[in-house]
Amino acid sequence: MPSKKKKFSARFPPARIKKIMQTDEDVGKVAAAVPVLISRALEKFIETLILKTSETTKIRNAKTLTTSHIKQTIHQEKKFDFLKDLVANVPDHQAEDESDPNISDTK
């Protein structure tokens, strides 16, 4: 009796992942399951990054998740250290600081 293969719905296109992998000269043939597995790993990675960033957004009492929140999360979490170069040019904090009731005006 033949075994049934599970069909995974990939959020990142496995064909595109395979194409990216094969741009590397050291990568030869790629088994069909590999791009699907990488797609799932990417999904989990992004989920983790966004969940951690949403915590940062809540702590700052902001309603909108911004690039500065992602940058702050990347700098706070050691596991995201490899992304620091990507966010180096992102502004640290945006206009949400101006509406913070804990900051007193000294005019």
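Keep in mind that this is a model prediction, so the values were computed, not measured. (Residues numbered from 1 in each chain as written. Predicted model: local features only at pLDDT ≥ 70, side-chain atom pairs only at ≥ 80, totals over all residues. Heavy atoms only, no water.)

J.: Help me get a handle on the pattern of salt bridges, residues and values and all.
T.: If you walk through the whole model with that rule in mind, you get six salt bridges. Of the charged contacts in the structure, one is a salt bridge between glutamate 77 and lysine 52, with a shortest N-O distance of 4.0 Å. Taken together, the residues span a long stretch of sequence, with glutamate 77 in the segment after helix H3 (67–76) and lysine 52 in helix H2 (residues 33–59) at a distance of 25 residues. Note on lysine 52: relative accessible area 26%, which makes it partly exposed. Lysine 78 is the partner of aspartate 81 in a salt bridge, and the nearest nitrogen-oxygen pair spans 4.0 Å. (Salt bridge = Lys/Arg side-chain N within 4 Å of Asp/Glu carboxyl O. Helix = DSSP H or I, 4+ residues; strand = E, 2+ residues; numbered from the N terminus. Buried < 20%, exposed > 50% of the residue type's maximum accessible area, 1.4 Å probe, protein only.)

J.: Run through the packing of H2 against H3, naming residues and quoting values.
T.: The packing of two helices is summarised by the inter-axis angle and the distance between the axes. Relative to each other, H2 and H3 sit at 110°, their axes nearing to 9 Å. By the angle class used here, H2 and H3 are roughly perpendicular. Contacts between H2 and H3 involve Leu49, Lys52, Thr53, Thr56 and Thr57 from the former and His69, Ile70, Gln72, Thr73, Ile74 and Gln76 from the latter. For the contact of H2 with H3, the class distribution of residues is three nonpolar, seven polar and one charged. (Axes fitted to C-alpha atoms, helices over the stretch in contact; angles between N-to-C directions. Parallel < 35°, antiparallel > 145°, perpendicular 65-115°, else oblique. Contact = heavy atoms within 4.5 Å. Nonpolar A, V, L, I, M, F, W, Y, C, P; charged D, E, K, R; others polar.)

J.: Tell me about the side chain of serine 39, and name the residues and values.
T.: Its location among the elements puts serine 39 in helix H2. By relative accessible area, which is 1% here, serine 39 ends up buried. Of note is the side chain of serine 39, whose polar atom sits 3.0 Å from the backbone oxygen of phenylalanine 12. (Polar contact = N/O pair within 3.5 Å; in protein donor to acceptor, adjacent residues only side chain to side chain.)

J.: I'd like to hear about the packing of aromatic side chains, residue by residue, with values.
T.: Inspection of every chain in the model, using the stated rule, returns two aromatic pairs. Their ring planes at 75° and their centres at 5.9 Å tell us that phenylalanine 45 and phenylalanine 80 sit as a pair that is edge-to-face. On the criterion of sequence distance, the pair formed by phenylalanine 45 in helix H2 and phenylalanine 80 in the segment after H3 is long-range, its members being 35 residues apart. Classification of phenylalanine 80 by relative accessible area gives buried; the value is 2%. With a centroid separation of 6.0 Å and 40° between ring planes, the pair formed by phenylalanine 45 and phenylalanine 82 is classed as tilted. Of this pair, phenylalanine 45 sits in helix H2 while phenylalanine 82 sits in the segment after H3, and the two are 37 residues apart along the sequence. (Phe/Tyr/Trp six-rings, centres within 6.5 Å; stacked < 30°, edge-to-face > 60°.)

These figures come from the coordinates and say nothing about function on their own.
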